[in-house]
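Residue strings, one per chain:
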Amino acid sequence: MMSHMRFRSTHSPVISAAAPPRWAVWAAHAATLVVLPSGLWRILMVLGYPAGYTTAGFVPFDTVGAKVWMLTLSVLSELAAFLTIGLVRPWGEVVPRWIPLIGGRPVRPKAVVVTAALGAAALTLIWANVPWWWTYPHEDMTHTGHLVVGVLYQPLILWGPLTAAVTISYFRRHRDAQRQASSD
């Protein structure tokens, strides 16, 4: 019978960065909130509510495949936005212990910064056209639906810039901590 084995970590000690500034904590939480309105709108459609579409316009969204896609997109978007909070929380420095195989290991700040910066750039590009929502024709939507959906998607233009700002804060805090550690 095997007994419980514990492996010692051979990783270098974690260099803890300074606490994040209040604005960065606020911005990280705001990143999760700007994704919420569009996700809730998609979930309404998954539940069978046309959410601004005409009867004919809603037909393509009333399939199992479309519903699975909309639900998956909503959940993955919110989870991706939630990762921004890791840039201002301890799990942005050390992987939580409950995660199998890698729990307790230090997070490489460079990998975090590169990934978050690329994500911020992609999000900024993806949602850059949202402010012009109302200039595009949407014949498959009601007038009110067109207005409401446009309003629900407008917060997404902030997702990339908020993530970028929090990423810069994370980078600066970890760069300064590394400098401090090397000068000691």
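Source: prediction; values computed, not measured. (Residues numbered from 1 in each chain as written. Predicted model: local features only at pLDDT ≥ 70, side-chain atom pairs only at ≥ 80, totals over all residues. Heavy atoms only, no water.)

**Quick notes on the confidence of the model for the chain**
Then, in step 1: Taken as a whole, the chain shows an average pLDDT of 88; of its residues, 91% reach a score of 70 or greater.
Then, in step 2: Across the chain, the secondary-structure element scoring lowest on mean pLDDT is helix 6 (residues 159-183), at 89, and the one scoring highest is helix 1 (residues 22-46), at 97.
Then, in step 3: With pLDDT under 50 throughout, residues 1-12 is counted as low confidence; its partners more than four residues away or in other chains account for 3 contacts. (pLDDT = per-residue confidence, 0-100. Helix = DSSP H or I, 4+ residues; strand = E, 2+ residues; numbered from the N terminus. Contact = heavy atoms within 4.5 Å.)

**Quick word on the pattern of salt bridges**
Then, in step 1: The tally for this structure, following the rule as stated, stands at 2 salt bridges.
Then, in step 2: Between Lys-67 and Asp-62 there is a salt bridge, and its shortest N-O distance comes to 3.2 Å.
Then, in step 3: Under the relative-accessibility criterion, Lys-67 is labelled partly exposed at 22%.
Then, in step 4: The exposure class assigned to Asp-62 is partly exposed, which follows from its relative accessible area of 43%.
Then, in step 5: Here Asp-176 ties to Arg-175 by a salt bridge, and the two come within 3.4 Å at their closest N and O atoms.
Then, in step 6: In this structure Asp-176 comes out as partly exposed when scored by relative accessible area, which is 38%.
Then, in step 7: According to the relative accessible area criterion, Arg-175 is partly exposed, its value standing at 30%. (Salt bridge = Lys/Arg side-chain N within 4 Å of Asp/Glu carboxyl O. Buried < 20%, exposed > 50% of the residue type's maximum accessible area, 1.4 Å probe, protein only.)

**A look at the nonpolar core**
Then, in step 1: One finds Trp-41, Met-45, Trp-127, Tyr-153 and Trp-159 to be the most contacted residues of the largest nonpolar core, which totals 35 residues.
Then, in step 2: Secondary-structure elements contributing two or more residues to this core are helix 1, helix 3 (64-82), helix 4 (109-126), helix 5 (143-153) and helix 6.
Then, in step 3: Residues contacting Trp-159, with those up to four places away along its chain left out, are Ala-31, Val-34, Val-35, Ser-77, Ala-80, Ala-81, Leu-123 and Trp-127. (Core = buried A, V, L, I, M, F, W, Y, C linked by side-chain atoms within 4.5 Å.)

**Details of the packing of aromatic side chains**
Then, in step 1: Following the criterion strictly, the structure yields 5 aromatic pairs and no others.
Then, in step 2: Taking the centre distance of 5.6 Å and the plane angle of 85 degrees together, the rings of Trp-41 and Tyr-153 count as edge-to-face. Highlighted residues: Trp-41 in helix 1 and Tyr-153 in helix 5, separated in sequence by 112 residues. Residues Trp-41 and Tyr-153 agree in their burial class; the two are buried.
Then, in step 3: Each ring, one from Trp-127 and one from Tyr-153, has its centre 6.0 Å from the other, and the planes form 50 degrees; the classification is tilted. Taken together, the residues Trp-127 in the loop between helix 4 and helix 5 and Tyr-153 in helix 5 connect sequence positions 26 residues apart. Of the two residues, Trp-127 and Tyr-153, both sit in the buried class.
Then, in step 4: Through successive ring pairs, a cluster of aromatic residues spans Trp-41, Tyr-53, Phe-61, Trp-127 and Tyr-153. (Phe/Tyr/Trp six-rings, centres within 6.5 Å; stacked < 30°, edge-to-face > 60°.)

**Quick look at unusual backbone geometry**
Then, in step 1: A positive phi angle, near 50 degrees, is found at Ala-51, a position not held by glycine.
Then, in step 2: Here Ala-51 shows up in the loop between helix 1 and helix 2 (55-58).
Then, in step 3: You can call Ala-51 buried: its relative accessible area is 8%.
Then, in step 4: Phi angles above zero are rare outside glycine, and Leu-101 is one such case at about 70 degrees.

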